[in-house]
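Residues per chain are reported as follows:
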Amino acid sequence: MKPEIFKDFDLSNFWDKREYALQEYVSRAPSDKLIASVEQELGFKLPASYIELMKLNNGGIPHNTCFPISEPTSWADDHIAISGIMGIGRDKAHSLCGDFGSQFMIEDWGYPDTGVYICDCPSAGHDMVMLDYSKCGKDGEPEVVHVDQESDYKKTFLAKDFETFVRGLVNESVYDTSDEELAEALQSFKTGRFSDILQQYFEKEKAINFDKILRNLFTELTKEKGYFALHGDPLSYLAYDIQFYLLSRNEKIDSKDAFVEGYVPMVALGNNEISTGGYADFFEDWFDIKVESKQITKGSSGGFEFSESYKKKLLEEISRYE
């Protein structure tokens with residue numbers, strides 16, 4: 001007789017129901033047909049405990065997002081943190097077969113192809129949590145490991161199986177400095193300086209107060225997420241819009257590489273107080289989407305710029321942040 005999954009473990013308050021979680025992670029309960037097709041696409045049989053949890057709530061952000069460890073990683077000396085657990089499906093960006101799902105991390109980020117990546121982390125791609133089938137084979141019961149891109153994809157053992165991993169999650173308050181970090185980020189939007197290059201761009205745009213707009217936008221985004229980072233969500237895309245608008249009006253962007261070179265020093269690695277302090281390639285995906293949809297086109301000078309119709313729409317949208 002098979003042991004009961006999650007026996008004596010209260011799942012009634014496991015998930016955080018915030019809007020961001022519902023928008024980016026949560027899908028309808030997966031059917032057996034969908035589960036089979038996802039397993040076929042990924043090449044691995046998903047654990048029964050993972051399937052059971054996803055049938056109750058298909059992806060999301062748990063209230064407890066930290067897992068204790070005994071050796072340091074690029075995140076911390078004594079724990080790892082997750083941003084969410086990916087659901088079974090394709091419709092949400094943060095689902096197993098979604099735009100930022102398991103195969104994306106393997107194919108675009110170079111993560112080891114030895115399992116299924118089920119949890120993204122606050123580093124925006126620089127570490128992940130994986131169901132690791134290295135020891136058990138593709139149909140076995142995988143271990144749960146942390147994979148650290150910053151340390152040449154080093155694996156750190158977390159739990160012998162997915163259920164043990166879920167049971168072992170603890171609240172961030174155990175290690176929490178997030179309240180202080182959040183307060184510092186929000187204060188920086190009030191009194192801190194943008195990078196020197198952004199301040200130069202602001203000075204040339206007298207008709208629109210981009211300094212104020214970005215401060216207000218970053219404040220809203222950070223309050224919604226609980227930390228300051230730019231990912232693949234709508235507010236981050238709006239931030240990419242604004243940065244590209246300013247960049248393209250001051251520099252000739254004749255290639256994607258030129259865009260990347262110009263983007264990084266504005267906010268991602270800005271040289272003053274307002275900076276995310278790092279970046280993932282979400283902004284590169286944004287660029288590809290805008291070009292493909294013809295919202296970004298080549299202008300008469302040969303450089304990339306927003307189409308007139310999209311520029312008008314953007315300026316109307318950001319006016320609410322003034």
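None of the values given here were measured: they were computed from a predicted structure.

**Regarding the nonpolar core**
Next up, step 1: Grouped together as the largest cluster of nonpolar side chains are 97 residues, with contacts concentrated most on Leu 96, Val 129, Phe 165, Phe 218 and Phe 259.
Next up, step 2: The element that contributes the greatest number of residues to this core is helix H9 (residues 234–250), accounting for 10 residues.
Next up, step 3: Apart from the residues lying within four places of it in its own chain, the contact partners of Phe 165 are Phe 67, Ile 82, Cys 119, Val 129, Val 144, Leu 158 and Ala 159.

**Some details on the sheet that holds strand E6 (residues 115–120)**
Note: strands within a sheet are paired through backbone hydrogen bonds, in either parallel or antiparallel orientation.
Next up, step 1: In spatial order, the strands read E5-E6-E7-E8-E9; together these 5 strands make up an open sheet with antiparallel pairing. Of all strands in the sheet, those bounded by a partner on one side alone are strand E5 (84–85) and strand E9 (154–159).
Next up, step 2: With 5 bridges connecting them, strand E8 (residues 143–148) and E9 associate as antiparallel partners. Its bridge partner lying in E9, Val 147 is registered against Lys 155.

**Looking at the layout of surface pockets**
Next up, step 1: Counted as a void, the largest pocket has a volume near 1300 Å³.
Next up, step 2: Listed by contribution, the elements that provide at least two residues to the lining of the largest pocket are strand E2 (61–62), strand E4 (79–81), helix H6 (178–191) and helix H11 (282–292).
Next up, step 3: At 7 residues, H6 tops the list of elements feeding residues into the lining of the largest pocket.
Next up, step 4: Grouping the constituent residues of the lining of the largest pocket by class yields 24 nonpolar, 16 polar and 10 charged.

**Here we look at the pairing of E8**
Next up, step 1: Across the 6 residues of E8, 6 count as buried, placing the element largely inside the fold.
Next up, step 2: Neither face of E8 is exposed, since Glu 143, Val 145 and Val 147 on one face and Val 144, His 146 and Asp 148 on the opposite face are all buried.
Next up, step 3: Pairing analysis gives 6 bridges linking strand E7 (residues 127–132) to E8, with the strands arranged antiparallel. Residue Met 128 lies in a different strand from E8, and its bridge partner there is Val 147.

**Focus: the pairing of E7**
Next up, step 1: Counting buried residues in E7 gives 6 out of 6 residues, a clear majority hidden from the surface.
Next up, step 2: Alternating positions in E7 separate into two faces, Asp 127, Val 129 and Leu 131 on one and Met 128, Met 130 and Asp 132 on the other, with burial throughout.
Next up, step 3: Linking E6 back to E7 in an antiparallel pair, the connection comprises 6 residues, with Ala 124 at a positive phi of about 60°.

Here is what the cut-offs are and how they apply
Residues numbered from 1 in each chain as written. Predicted model: local features only at pLDDT ≥ 70, side-chain atom pairs only at ≥ 80, totals over all residues. Heavy atoms only, no water. Core = buried A, V, L, I, M, F, W, Y, C linked by side-chain atoms within 4.5 Å. Buried < 20%, exposed > 50% of the residue type's maximum accessible area, 1.4 Å probe, protein only. Helix = DSSP H or I, 4+ residues; strand = E, 2+ residues; numbered from the N terminus. Contact = heavy atoms within 4.5 Å. Pairing = 2+ DSSP bridges. 1 Å grid on protein atoms, 1.4 Å probe; cavity = no way out; pocket = protein on both sides within 12 Å on 5 of 7 lines; lining within 4 Å. Points joined across faces, edges and corners; volume = space filled by probe spheres on them. Nonpolar A, V, L, I, M, F, W, Y, C, P; charged D, E, K, R; others polar.

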